[in-house]
Every structure is written in structure tokens, then in C-alpha cells.
Amino acid sequence: MSEPSTRPVPGQLTFTAPRRGKPPRHLADLTLAERGEVVGELGEKPFRAKQLSTHYFEHLTADPEQMTDLPKAARARLSENLLPPLLTPVRTQSADRGDTLKTLWRLHDGALVESVLMHYRQRSTVCISSQAGCGMNCPFCATGQAGLTRNMSTAEIVDQVVRAMAAVTERHGGDRRALNVVFMGMGEALANYKAAIGAIRRMTDPAPEGLGMSARGITMSTVGLVPAIDKLAAEGVPVTLALSLHAPDDGLRDELVPINTRWKVGEALDAARRYFEVTGRRVSIEYALIRDINDQAWRADLLGDMLNARGRGWVHVNPIPLNPTPGSKWTASDPAVEAEFVHRLRAHGVPTTVRDTRGSDIDGACGQLAAAP
Ligand code: SAH
């Protein structure tokens, strides 16, 4: 069983994840060529790597019984070595009449993470975790308050998507393109950069190397790790970037998003603008509206000015009504105040859409994932 991380003191940032036993090797950690090498070392023909990968990334199964194109003895050996179980479901809770499903997973070492699958009429979105816990310590976020337990591996991140894809293909008549992925579950994915970019590559690599998803269907959300944003822009995989801003002024953002003590609002917005220039992808600004804290009309005006100072048409804003978290004194803004905030941004010509919050009654909404057993 994993030891829970210690609660951080206010403002404390944790970048280095505690070292723990590595998760078992899984084919989603490897390129197709690397899988071929492992298969060869196991005494099997390298083309078996492709067959195995097809089962996982195209048929979305890791069950050796279904791999009837592989000799029986090879099936067991190959799946033990390349498809070990990484995520064990502990429980699934449902809300919104079954359209929102939050699953708690146990990892090999007992660490717990959650993912949330949201079904809409034509499409579905899975909100995935990239770390058990989080080191960024935002005071309004339940995950941040719990501290960082450990980084997840590429395959642990990808397996959440593969399982969601299996659910989605059933629901949307086999249309794999109906799934979007957002890195908005537990963790700051850009603080676990290698595993996160590995997961993005596995999602976008054409099958059977990966899932063959379009980069535009993937959203990377970050507190604003400026060097990592620039690095991501240079990867040549134009995923959508979401910047968790929550305040347009450094005084308040230092408190709400402690990473602001390293990279200021202006630096984070400059990085977001560069991301747009390099990738051509419009950036989202996330802004949790917290009653009487960050929801004043003057802050909407200041945000509008700061975005427009960096150009037009490159950004849109997603206000999110604050979801309640245990021990927090803050609540969501008054609806009239929220409406005024949105109105002001739009008056500045900034496209603004309030995020619908799914799953708050099962603690499955933004900032509520705490993976309590
Ligand atoms: N570490 C990443 C992903 C975190 S969760 C990031 O910070 O971007 C995704 C979004 O939910 C972030 O914008 C986060 O700030 C926001 N969020 C966190 N707690 C929230 C809460 N209680 N209510 C509403 N949104 C919240």
C-alpha cells in the first residue's frame, strides 16, 4: 500500500516526485521498434510485436484469450512481459444519469488515481491523471492540497485513454474519433514531462504503434510551467494548450496558483501566445470564478486588456464556477457576478464560454479529484 504524501504548507511547490518502485514495463512505454526488440529477447518473432500492439491499440484489449492469432504459449509470455495490468478499477461512480463516470484506479504500488469519462451527444471526453496527487499546491484544488505521491508512467497515463476508448467505441458506434482527451485530472502533467509527452505520442502515433488520435482532440492543461510550454510547442504535436490562470494580477495569482512566484502572469501569457504562434492552436485560459476573490469586473477588464495586448484571435477564456472542495472557505461566484465577468470579457472581444461542470455531486469535477479510497 502506498504511503500518502504529506500535506504541503501554503505556497510550497514540489517538483521532484518521491522515488518509488517503477511500474512494470508495458508496450505503451515503448516505440514499435523497441517492442520488437523485447519480443525478440523473449525468443519470439519480432512481428509478434505488431500483433500484440494491434490487440492493445486497435482492439483495445489486453486479454490473452482474445489473441487467437498468437500461439497459445506465446500469448501468455508476451502479455505477461508487455501487457501487465497497470490500472485496477477500485470503483466507478456515476452522475448526470450515467453520462459522467468517475473511476478510481489502484496502481501497482497501491497509489490511487482517478479519471472521469463524460459522454455528450456526439462525442465523449476523458479527463485523465498524470500524477498520483500534485505538487502545485493550488489552495482551491483538492488534488493540490493532498500533495504529490508520485509521477505516473507513460503507459499508466495511456491505459486510462485505452479503457475510455473501449467504452466510447461501444457508445458511439465504433467511432474512435469521438473521444477527446484532457489532461485535467490529477497532477501537473508538464511537471512529469517525459511521461506526458510519451503519452501524447502514443495517443497520436498511427495504429498499431499508438491510438492514431488527432492532436487537436487532446488538451494539455498547465499551471504555467513556462519552459515546458515552450518545449511542448517544439514537439511537433499540436495539442491544445490550456493555461490555468485564475487571476490577471500577480498579487492574487501568487496566492491562488503558487507557481506564479516563479513565472509571473505576463510570462505565462507570453508563453501561451508563443504556443499559439508555433502551433496555430488557439489557447484556452481557465479561470475558476471564486466569490469575492477573483470575480470582480475590474479583473475581467484587466484580463481582457492583457490578452488583447498580445493580439487578437489567439485565445479564448473558459470561466469555471468554483467547485467546492473539503476544508476550503471559498465558493462559486454569484450567477449575476459571473454573467458580468463574461460580459466584460466579450465586450473586449475575447471569446468566452463558461465551462459546464459535470460530476460535482460525485466529486468528479475540476479540482475535486482526491482519490480517497
Ligand atoms: N495541473 C493542471 C490540471 C489540473 S485540473 C492545471 O492546473 O491546469 C484542471 C483545471 O481545474 C485547472 O484549471 C484547475 O485550476 C481547475 N480547478 C482546480 N480546482 C478547481 C475547483 N475547485 N473548481 C474549479 N476548477 C478547479
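See the structure shown above.
All values reported here derive from a predicted model rather than from experimental measurement.

Visitor: What am I meant to see in the site of the ligand here?
Guide: Near the ligand there are 19 residues, and of these F140, S221, S244, H246 and N323 occur at the shortest range. Separating an oxygen atom of the ligand from a backbone N or O atom of T222 is a distance of 3.2 Å. N323 is positioned with one of its backbone polar atoms (N or O) 2.9 Å from a nitrogen atom of the ligand. Protein contacts shield 96% of the accessible area of the ligand, which totals 530 Å² for the unbound molecule.

Visitor: I keep staring at the packing of aromatic side chains and nothing clicks. Help me out?
Guide: Between two aromatic rings, the relevant description is the distance of the centres plus the angle of the planes. According to the stated counting rule, one finds two aromatic pairs in the structure shown. Between the aromatic rings of Y56 and F57, the centroid separation amounts to 4.8 Å while the plane-to-plane angle is 70°, which identifies the pairing as edge-to-face. For the pair Y56 and F57, one class covers both residues: buried. For the ring pair Y287 and F341, a centre distance of 4.8 Å and an interplane angle of 40° mean the geometry is tilted. Placement of the pair is Y287 in strand β10 (residues 283-289) and F341 in helix α11 (residues 335-347), with a sequence separation of 54 residues. Sitting above the plane of the Y193 ring, K231 keeps its charged end 4.5 Å from the centroid. In this structure, R358 is placed above the aromatic ring of Y120, and the distance from its NZ or CZ to the ring centre is 4.3 Å.

Visitor: Honestly, the sheet that holds strand β11 (residues 315-321) in this entry has me stumped. Any pointers?
Guide: Adjacent strands of a sheet pair through backbone hydrogen bonds, lying either parallel or antiparallel. Across the sheet, which stays open at both edges, the nine strands sit in the order β1-β2-β3-β4-β7-β8-β9-β10-β11 with mixed pairing between neighbours. In this open sheet, the two strands that pair with only one neighbour each are β1 (88-95) and β11. Across the sheet, the mean angle from the axis of one strand to that of its neighbour is 20°, orientation sign disregarded. One ladder, built from four bridges, connects strand β3 (residues 112-119) with strand β4 (residues 124-127); its direction is antiparallel.

Visitor: What is the right way to read empty space enclosed by the protein from this model?
Guide: Gaps between atoms show up when a probe of the same size as a water molecule is rolled over them. Summed over the entire model, instances satisfying the criterion amount to one cavity of 30 Å³ or more. In this structure, the largest cavity spans a volume of roughly 480 Å³. Lining the largest cavity are 29 residues, and of these C141, M184, S244, H246 and G367 sit closest to its centre. Among the secondary structure elements, those contributing two or more residues to the lining of the largest cavity are α4 (142-146), β8 (218-222), β10 and β11. Class assignment for the residues of the lining of the largest cavity results in 15 nonpolar, eleven polar and three charged.

Visitor: Quick question: what am I supposed to make of the pairing of strand β7 (residues 179-183) here?
Guide: On a regular strand, one side chain projects to one face of the sheet and the next to the other, so that they alternate. Summarising burial for β7: five of the five residues are buried, a large majority. Alternating residues of β7 divide into L179, V181 and F183 and N180 and V182, and every residue in both groups is buried. Bridge count between β4 and β7: four bridges; the pairing is parallel. The residue of β7 that forms the bridge with S124 is L179. With three bridges connecting them, β7 and β8 associate as parallel partners. Bridging across to β8, V182 finds its partner in T219. For the segment spanning β7, helix α6 (residues 193-204) and β8, crossover handedness is right-handed.

Visitor: Looking at this model, I keep getting lost on the nonpolar core. Mind explaining?
Guide: The nonpolar side chains of soluble globular proteins are, as a tendency, buried together. Counting 113 residues, the largest nonpolar core has M203 and L232 as the members making the most contacts within it. Considering every element that reaches this core, the biggest residue donor is helix α5 (residues 154-171), with eight residues. Non-local contacts of M203, meaning those with residues more than four positions away in its chain, are made with I128, V161, V181, F183, L211, G212, M213 and I218.

Visitor: Teacher, can you tell me more about the environment of I157 here?
Guide: With respect to the helices, strands and loops of the structure, I157 is situated in helix α5. For I157, a relative accessible area of 0% puts it in the buried group. Put simply, I157 and Y193 are 36 residues apart on the chain and 12 Å apart in space, counted from C-alpha to C-alpha. Once you skip the residues sitting within four places of it in the chain, I157 turns out to touch I128, S129, S130, M152, F183, N192, A195, A196 and A199.

Visitor: Is there a simple way to think about the pairing of strand β2 (residues 100-106) in this case?
Guide: Counting buried positions along β2 yields five of seven residues, so the element is predominantly enclosed. Pairing of β1 with β2, which is carried by seven bridges, proceeds in the antiparallel orientation. Counterpart to S94 in the pairing with β2 is L101. With antiparallel pairing between neighbouring strands as the criterion, β1 and β2 make up a hairpin whose turn holds four residues, including D96 at a positive phi of roughly 50°. Bridge count for β2 against β3 is seven bridges, and the pairing is antiparallel. Residue pairing across strands places T103 opposite S115, the latter belonging to β3. Turn length for the β2-β3 hairpin, with the two strands adjacent in sequence and antiparallel, is five residues, and the turn residue G110 shows positive phi of about 90°.

Reading guide: rules and limits
Residues numbered from 1 in each chain as written. Predicted model: local features only at pLDDT ≥ 70, side-chain atom pairs only at ≥ 80, totals over all residues. Heavy atoms only, no water. Near = heavy atom within 4 Å. Polar contact = N/O pair within 3.5 Å; in protein donor to acceptor, adjacent residues only side chain to side chain. Areas by Shrake-Rupley, 256 points an atom, 1.4 Å probe, with all protein chains shown as cover. Phe/Tyr/Trp six-rings, centres within 6.5 Å; stacked < 30°, edge-to-face > 60°. Buried < 20%, exposed > 50% of the residue type's maximum accessible area, 1.4 Å probe, protein only. Helix = DSSP H or I, 4+ residues; strand = E, 2+ residues; numbered from the N terminus. Lys NZ or Arg CZ within 6 Å of the ring centre and 35° of its normal. Pairing = 2+ DSSP bridges. Axes fitted to C-alpha atoms, helices over the stretch in contact; angles between N-to-C directions. 1 Å grid on protein atoms, 1.4 Å probe; cavity = no way out; pocket = protein on both sides within 12 Å on 5 of 7 lines; lining within 4 Å. Points joined across faces, edges and corners; volume = space filled by probe spheres on them. Nonpolar A, V, L, I, M, F, W, Y, C, P; charged D, E, K, R; others polar. Right-handed = clockwise from strand over helix to strand, strands pointing away. Core = buried A, V, L, I, M, F, W, Y, C linked by side-chain atoms within 4.5 Å. Contact = heavy atoms within 4.5 Å.

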